[in-house]
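Now for the letters of each chain:
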Amino acid sequence: HMNLTAENHSIPLSDGNHIPLLGLGTYGDPQTTPKGTALECVKLAIDVGYRHFDGALVYFNEHEVGQAIREKIADGTVRRQDIFYCGKLWNTFHPPQLVRPALERTLKALKLDYVDLYVVELPMAFKPGAGFYPKDQAGNYIYHHTDLCATWEALEACKDAGLVKSLGVSNFNRRQLELLLNKPGLKHKPVSNQIECHPYFTQPKLLEFCRQNDIVIVGYCPIGSSRDASWVNVKCPPMLEDELLVSIGKKHNKSPAQVALRFNVQRGVAVIPKSFTPERIRHNFQIFDFSLTEEEMKAIEALNKDIRFVELLMWSDHPEYPFHEEY
C-alpha cells in the first residue's frame with residue numbers, strides 16, 4: 001500500500017468495484033448540528049480531495065450530503081463516478097419487502113440514481129413502523145425477528161436492479177458473516193464489513209477472517225470517538241494522547257490522529273473519520289505524504305487493548321447482539 005496517493009487511494013473490492021481507503025463520516029447529532037453543516041462540510045471535503053462519503057438514512061442529513069455531491073458535480077469539480085457513497089439499511093427495514101423501499105428513500109434524499117455501497121447497518125432488527133427506534137411503554141426497544149439471509153436476497157435484487165453497485169454489512173461478527181457467505185444460492189458476496197477499528201482495538205482475528213474471505217474492513221472511530229457517555233465507553237483512555245502515537249507522530253511531523261489513520265490505511269483498512277470542523281477535515285486528509293515503517297506498524301499493533309469505544313450496550317439483550325462473541 002506504499003503507492004497510495006491523495007489522488008488515488010482506492011483498493012479493489014471482490015466484485016470488481018473499488019473503494020477509496022479514506023472517507024468522511026457524516027454522522028452529526030441532529031439535535032445539535034446546525035442545518036447546512038453537512039452540506040458545507042461535504043463540499044469542502046470534495047475540494048480537499050475526499051471522494052468517499054459514509055452516510056445513512058438515520059443521520060437525517062442525506063439530503064444535504066446529496067446536494068453537496070450534486071453541486072460539486074455541477075460545478076465540474078468531480079464526476080459522479082469519482083464519488084463513492086455508502087448508505088445503510090436501518091434496523092427497522094430488515095423484512096425483505098422493506099429493503100428496496102428503504103434504499104429508494106436514501107436515493108430520493110440524495111437525489112442520485114445509485115449508491116456505490118449499501119450495507120446492513122446492524123445484524124439486529126427492530127419492529128418495522130414509522131419510528132426508527134421503536135419502544136414499548138416501559139421504554140424498552142421493540143425487537144423484531146431477522147432472517148439475515150432473506151434480507152440479503154432482497155439486497156441482491158437491488159444490486160441486480162442497478163440501485164447499488166456493491167453490497168456490504170456493518171457490525172457483523174464472524175458467525176454472522178459466515179451465515180451470509182454460506183447461504184445456499186448466494187449471488188453477491190458481502191464486499192465489506194464496517195466495524196470499530198483503531199490502534200486500541202485493532203481487530204486482528206476479524207481482520208484475518210475478512211482477509212481470507214476477500215472482505216474489506218471499513219473502520220469507524222479510527223481516531224477514537226467523541227466522549228458522549230450515552231453511547232461511548234468513557235472509561236476507555238483517550239487514544240490520541242497515547243505516548244507511542246505522539247512520539248511516532250513527532251518523527252514524521254504528523255499528529256497522533258494522522259498516525260492512527262495512516263496505520264489502518266497502510267494495512268488495507270478503509271477509515272471514515274467523522275468531522276464537521278473544516279480544519280480537521282483538511283488535517284485528516286494529510287496522510288498520503290508519509291508512511292510508517294514496519295517496526296512502527298508492529299508497535300502500533302501492540303497497542304491493542306481489545307476495548308471498544310462503541311459498545312451499543314442498549315441493545316445487548318438482543319439475540320443477534322454482535323459483540324458477545326469473541327469475533
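Residues numbered from 1 in each chain as written. Predicted model: local features only at pLDDT ≥ 70, side-chain atom pairs only at ≥ 80, totals over all residues. Heavy atoms only, no water.

- Per an unreviewed UniProt entry, the protein chain carries the name Aldo-keto reductase family 1 member D1 and comes from Cyclopterus lumpus.
- Comment text from UniProt for the protein chain, heading Sequence similarities (unreviewed entry), reads "Belongs to the aldo/keto reductase family." (UniProt positions renumbered as here; feature names shortened; annotations may be inferred.)

1. Some points on the UniProt feature "binding site: substrate" (unreviewed entry) in the protein chain
Step number 1: UniProt records the feature "binding site: substrate" (unreviewed entry) at His144, using the numbering of this structure.
Step number 2: Its place among the elements puts His144 in strand S8 (residues 143-144).
Step number 3: Given a relative accessible area of 31%, His144 falls into the partly exposed group. (Helix = DSSP H or I, 4+ residues; strand = E, 2+ residues; numbered from the N terminus. Buried < 20%, exposed > 50% of the residue type's maximum accessible area, 1.4 Å probe, protein only.)

2. Some details on the packing of aromatic side chains
Working definition: an aromatic ring pair is given by the centre-to-centre distance plus the angle between the planes.
Step number 1: One pass over the full model with this rule turns up 13 aromatic pairs.
Step number 2: For the ring pair Tyr50 and Phe285, a centre distance of 5.0 Å and an interplane angle of 45 degrees mean the geometry is tilted. With a gap of 235 residues between them, Tyr50 in the loop between helix H1 (37-48) and strand S4 (52-54) and Phe285 in helix H9 (residues 278-285) connect regions that are remote in the sequence.
Step number 3: Its relative accessible area of 4% is what places Phe285 among the buried residues.
Step number 4: Cluster of aromatic residues (ring-pair linked, three or more members): Trp90, Phe126, Tyr133, Tyr141, Tyr143 and Trp315.
Step number 5: One Lys or Arg, Arg80, reaches over the ring of Tyr114 and ends 4.0 Å from the middle of that ring. (Phe/Tyr/Trp six-rings, centres within 6.5 Å; stacked < 30°, edge-to-face > 60°. Lys NZ or Arg CZ within 6 Å of the ring centre and 35° of its normal.)

3. Things to note about the pattern of salt bridges
Step number 1: A complete count under the given rule lists 17 salt bridges for this structure.
Step number 2: One salt bridge connects Glu320 with Arg175, and the closest N-O pair in it is separated by 3.4 Å. With Glu320 in the segment after helix H10 (294-301) and Arg175 in helix H5 (residues 174-181), the pair connects residues that are 145 residues apart, well separated along the chain.
Step number 3: Take Glu320: its relative accessible area is 18%, and that puts it in the buried class.
Step number 4: Of the charged contacts, one joins Lys251 and Glu296 as a salt bridge, the two residues approaching to 3.3 Å between their closest N and O atoms. Remark: Glu296 occurs in helix H10 and Lys251 occurs in helix H7 (residues 243-252); sequence separation between them is 45 residues.
Step number 5: Linked by salt bridges that have partners in common, Glu40, Lys43 and Glu71 make up one network. (Salt bridge = Lys/Arg side-chain N within 4 Å of Asp/Glu carboxyl O.)

4. Some thoughts on unusual backbone geometry
Step number 1: Non-glycine residue Asp214 carries a positive phi angle of around 60 degrees.
Step number 2: Summarising the element assignment, Asp214 is placed in the loop between helix H6 (204-212) and strand S11 (216-220).
Step number 3: Here Asp214 falls in the partly exposed class, since its relative accessible area comes to 48%.

5. Things to note about H5
Step number 1: Those residues of H5 lying buried are Gln176, Leu177, Leu180 and Leu181. In an axial view of H5, the angular spread of the buried residues amounts to 140 degrees, which keeps them on one side of the axis.
Step number 2: The elements touched by buried residues of H5 are helix H4 (148-160), strand S9 (164-170), strand S10 (192-196) and H6.
Step number 3: Where H5 starts, the residue carrying a side-chain oxygen 3.2 Å from the main-chain nitrogen of Arg175 turns out to be Asn173. (Arc of directions from axis to C-beta. Contact = heavy atoms within 4.5 Å. Polar contact = N/O pair within 3.5 Å; in protein donor to acceptor, adjacent residues only side chain to side chain.)

6. Re the pairing of S9
Step number 1: Of all seven residues that make up S9, six are buried, and the element is covered over most of its length.
Step number 2: Where strand S6 (residues 115-120) and S9 come together, five bridges link them in parallel fashion. Residue pairing in the sheet places Val120 in a bridge with Val169 of S9.
Step number 3: The parallel pair S9 and S10, bridged by H5, forms a crossover whose chirality is right-handed. (Pairing = 2+ DSSP bridges. Right-handed = clockwise from strand over helix to strand, strands pointing away.)

7. As for the environment of Asn171
Step number 1: Looking at where Asn171 falls in the secondary structure, it is placed in the loop between S9 and H5.
Step number 2: Taking the C-alpha atoms as reference points, Asn171 and Met124, 47 residues apart in sequence, are found 9.6 Å from one another.
Step number 3: Look past the residues within four positions of Asn171 in its chain and what remains in contact with it is Glu121, Leu122, Pro123, Gln176, Asn193, Gln194, Ile195, Tyr220, Pro322 and Phe323.
Step number 4: At 3.4 Å, the side chain of Asn171 and the side chain of Ser170 are in polar contact.

8. A few points about the pairing of S11
Across a regular strand the side chains alternate sides, sitting on one face of the sheet and then on the other.
Step number 1: Burial within S11 is extensive, with five of its five residues counted as buried.
Step number 2: Every second residue of S11 is oriented toward a common face, with Val216, Val218 and Tyr220 on one face and Ile217 and Gly219 on the other, all of them buried.
Step number 3: In this sheet, S11 lies alongside S10 in parallel orientation, the contact comprising five bridges. Paired with Ile195 across the bridge in S11 is Gly219.
Step number 4: A crossover connection joins S10 to the parallel S11 through H6; in handedness this β-α-β unit is right-handed.

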